[in-house]
Structure formats: structure tokens, C-alpha cells
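# Geometric and topological summary
Next come the chains, spelled out residue by residue.
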Amino acid sequence: MKIHNGFDVTTLQSYKGKGAVVRAHIGAQPEKLVIGCLGRYNPAKDHVNFVRAAGLVAAKYPTCHFLMVGSGLTRSNAESMLHINATGFAERFVL
């Protein structure tokens, strides 16, 4: 079976310490949980459900942050920001 837009996970590499670099870049302290979502902004990627779930998690875990990476995932994306703002925790999302 072919997975469109997929990637070969056998080529992935782990880089020790890289998490600290990303955390520093987004301003997340080491003790804070960061949950990420990777994929271009497209309805097929279902970012809306990620954001809704993130809002539920954010309500329960006050130190949790959310990192969304992909083409079109910027604060200038009005549709995306509508859903993020609806969580009440927009300041905890990094795009």
C-alpha cells in the first residue's frame, strides 16, 4: 500500500539535545510539556481536532504548550486562529 505524502521512517535520526534547542527557540522551559503537530495547513490534516484536543489538555495542564509546524500554520491564518482563540489558551500555541 502506498501512503501519499508519507515518509520513510527508517531514515529518521534522533539528535540528542535538539529538544532543548527547539524549546529555547519557542520559549518553553524544560519542565513544560510541549505537544506538537506537524503538517501543512489543509483540511485533510485535521488541525481543527488537534486544536480542540489541545484546548482540553490545556485546561487540565497549565504548563502544557502546543507547537504546530507546517506551511500555512501562522498567526496570520485567520481560520486557524479562530479555532485556537476559541480554546481560551491561544498564548500557549506556537505556530
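This section reports on the structure supplied with the text. Given the structure is predicted, the values throughout are model-derived calculations rather than measurements. (Residues numbered from 1 in each chain as written. Predicted model: local features only at pLDDT ≥ 70, side-chain atom pairs only at ≥ 80, totals over all residues. Heavy atoms only, no water.)

Here we take up the packing of aromatic side chains. All told, the structure shown has 2 aromatic pairs when counted by the stated rule. When the centroid spacing of 6.5 Å and the interplanar angle of 80° are considered together, the rings of Phe 50 and Phe 66 count as edge-to-face. Placement of the pair is Phe 50 in helix 2 (residues 47-60) and Phe 66 in strand 2 (residues 65-69), with a sequence separation of 16 residues. Of the two residues, Phe 50 and Phe 66, neither departs from the other in class, the shared state being buried. Following the ring pairs from residue to residue traces out a cluster consisting of Phe 50, Phe 66 and Phe 93. (Phe/Tyr/Trp six-rings, centres within 6.5 Å; stacked < 30°, edge-to-face > 60°. Helix = DSSP H or I, 4+ residues; strand = E, 2+ residues; numbered from the N terminus. Buried < 20%, exposed > 50% of the residue type's maximum accessible area, 1.4 Å probe, protein only.)

Ranked by size, the top nonpolar core spans 14 residues in total, and within it Phe 50, Val 51, Phe 66, Met 68, Ile 84 and Phe 93 carry the most contacts. Residue assignment for this core shows that the elements contributing at least two residues are helix 2, strand 2 and helix 3 (78-86). For this core, the leading source of residues is helix 2, giving 4 residues. The residues contacting Phe 93, other than those within four sequence positions of it, are Val 51, Ala 54, Phe 66, Met 68, Arg 75, Ile 84 and Thr 87. (Core = buried A, V, L, I, M, F, W, Y, C linked by side-chain atoms within 4.5 Å. Contact = heavy atoms within 4.5 Å.)

This paragraph deals with helix 2. Between its first and last C-alpha atoms helix 2 spans 20 Å; for 14 residues at 1.5 Å apiece the expected length is 20 Å, and the two agree. What helix 2 keeps buried is the set His 47, Phe 50, Val 51, Ala 54, Gly 55 and Ala 58. The buried side chains of helix 2 occupy one side of the element, clustering within an arc of 140° when seen end-on. In helix 2, the exposed positions angled more than 90 degrees off the buried face are occupied by Arg 52, Leu 56, Ala 59 and Lys 60. (Expected span 1.5 Å × (residues − 1). Arc of directions from axis to C-beta.)

With that settled, consider the pairing of strand 2. Across the 5 residues of strand 2, 4 count as buried, placing the element largely inside the fold. As paired strands, strand 1 (residues 34-38) and strand 2 are joined by 5 bridges and run parallel to one another. Across the sheet, Val 34 pairs through a bridge with His 65, a residue of strand 2. After leaving strand 1, the chain enters helix 2 and then returns to the sheet as strand 2, a path that is right-handed. Taken together, the 2 bridges between strand 2 and strand 3 (residues 93-94) define a ladder with parallel strand orientation. When the bridges of strand 3 are listed, Phe 66 appears paired with Phe 93. As for the winding sense of the linkage, the β-α-β connection from strand 2 through helix 3 to strand 3 is right-handed. (Pairing = 2+ DSSP bridges. Right-handed = clockwise from strand over helix to strand, strands pointing away.)

The backbone of Asp 46 shows a phi angle near 55°, a positive value even though the residue is not glycine. Mapping Asp 46 onto the fold places it in the loop between strand 1 and helix 2. Residue classification places Asp 46 among the partly exposed residues on the basis of a relative accessible area of 36%.

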